[in-house]
Amino acid sequence: MQNTSHDAAGGGSTPAAPALSADHTRAGSQKVIYAAIAANLGIAAAKFIVAAVTGSASMVAEGIHSAVDTGNELLLLLGERRGARPADRRHPFGYGKSLYFWALIVALSVFSLGGGLSIYHGIAALRSPPPLEDPLWNYVVLGVAALFEGYSWNVSRKALNAVRRPGASLWQTVRTSKDASVFTVFIEDSAALLGLVIAAAGIALGHYFDNPYFDPAASIVIGLLLVGAAFTLARETGGLLVGESIDREQLAALRALFARERALDSVASLRTMQLGPDEVLLAASVQFRRGMPIDEVEQAIARLQSAIAAEHPAIRHVYFDAAALRAALH
């Protein structure tokens, strides 16, 4: 292969970002997950109990939703733990993408278990709707659920705001986030809060019009909402799993960094791949000035390494095109 990679350090990759920074980021992600688990576990139990008492189809859908979300957060924790394992011979770049794999499983779970079961139960209830019961306890549980879900959503929102760029919307921050744990919980909790509103509306309309069909219809709408959330999660995590690059702004800043290096004649391409929430690989195809002594080439590489480590600490592996190095030495 002509463009064989050459390690920028002549045998190692660029120095890793400070461990404290990465550990702090992972601790923040795990806090988001634990908050979501605490909220969903209790809410799911309460919803199912009230659904059994009142016969509300939308409450069953909401109970399924919260139960699925609880299991999903446990899968994200598994992804966090597996992704934190150190690199070894079989996985020389580490296990960071494990988190993206398990986040994709979460998306499939939301689609099949959350969305599918809610739609199925709603259709079954439409065929034989249960009689209307006193909705008081439905409203109580939905209100309490809104408080817990709102707390969990706010924790994930704060985690996203910590990396939010000036002028960027919250949704844009979700789209550019590489931390699957945080944006998965945020999307799930956003869907959960909307689901609570839909469930409350279905119950209220059913009693206002004395029509038992509003409630199961709300269950179907909740299911469709979860299907939409699942597709959004699959799109975001799937891109990361197959090797998504850093975003355009970061890439432009990286090009500007290389442009400042006086030993370079040109930069053909800078290819990056996200290896995990806090780890990026960079393959640089550059043209050094012809006829440079080997020691000057090494010094230029060292300068680039230091600048990259300072300005882009997530880039922990830097490789240069060997053809460009050979051209510089002839």
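Going by the structure above, here's the rest.
Residues numbered from 1 in each chain as written. Predicted model: local features only at pLDDT ≥ 70, side-chain atom pairs only at ≥ 80, totals over all residues. Heavy atoms only, no water.

Asker: Which residues make up the packing of aromatic side chains, and what values do they have?
Answerer: Summed over the entire model, instances satisfying the criterion amount to 8 aromatic pairs. Here phenylalanine 93 and tyrosine 319 contribute two aromatic rings whose centre-to-centre distance is 6.4 Å and whose plane-to-plane angle is 85 degrees, an arrangement assigned as edge-to-face. With phenylalanine 93 in the loop between helix H2 (57-83) and helix H3 (98-127) and tyrosine 319 in strand E4 (residues 315-321), the pair connects residues that are 226 residues apart, well separated along the chain. Judged by relative accessible area, tyrosine 319 falls into the buried class, the value being 17%. Ring centres 6.3 Å apart and planes at 50 degrees place the aromatic pair phenylalanine 258 and phenylalanine 320 in the tilted group. In this pair, phenylalanine 258 sits in helix H8 (residues 248-259) while phenylalanine 320 sits in strand E4, placing the two residues 62 residues apart along the sequence. The burial state of phenylalanine 258 is the same as that of phenylalanine 320; both residues are buried. Three or more aromatic residues link up through ring pairs in this structure, and these residues are Tyr208, Phe209 and Phe214. (Phe/Tyr/Trp six-rings, centres within 6.5 Å; stacked < 30°, edge-to-face > 60°. Helix = DSSP H or I, 4+ residues; strand = E, 2+ residues; numbered from the N terminus. Buried < 20%, exposed > 50% of the residue type's maximum accessible area, 1.4 Å probe, protein only.)

Asker: Mind laying out the packing of H2 against H3, listing which residues take part and the relevant values?
Answerer: One can describe the packing of H2 onto H3 by two numbers: an axis separation of 9 Å at closest approach and a directional angle of 170 degrees. Classified by the angle their axes make, H2 and H3 are roughly antiparallel. Here the contact of H2 with H3 is composed, by residue class, of 17 nonpolar, 8 polar and 2 charged. (Axes fitted to C-alpha atoms, helices over the stretch in contact; angles between N-to-C directions. Parallel < 35°, antiparallel > 145°, perpendicular 65-115°, else oblique. Nonpolar A, V, L, I, M, F, W, Y, C, P; charged D, E, K, R; others polar.)

Asker: Pulling in residues and values, what's your account of the side chain of glutamine 274?
Answerer: Relative to the assigned elements, glutamine 274 resides in strand E2 (residues 264-276). One polar contact links the side chain of glutamine 274 to the main-chain carbonyl oxygen of glycine 276, over a distance of 2.9 Å. Contact partners of glutamine 274, with chain neighbours within four places excluded, come to Lys97, Tyr100, Lys178, Leu240, Glu244, Ile246, Glu279 and Val280. (Polar contact = N/O pair within 3.5 Å; in protein donor to acceptor, adjacent residues only side chain to side chain. Contact = heavy atoms within 4.5 Å.)

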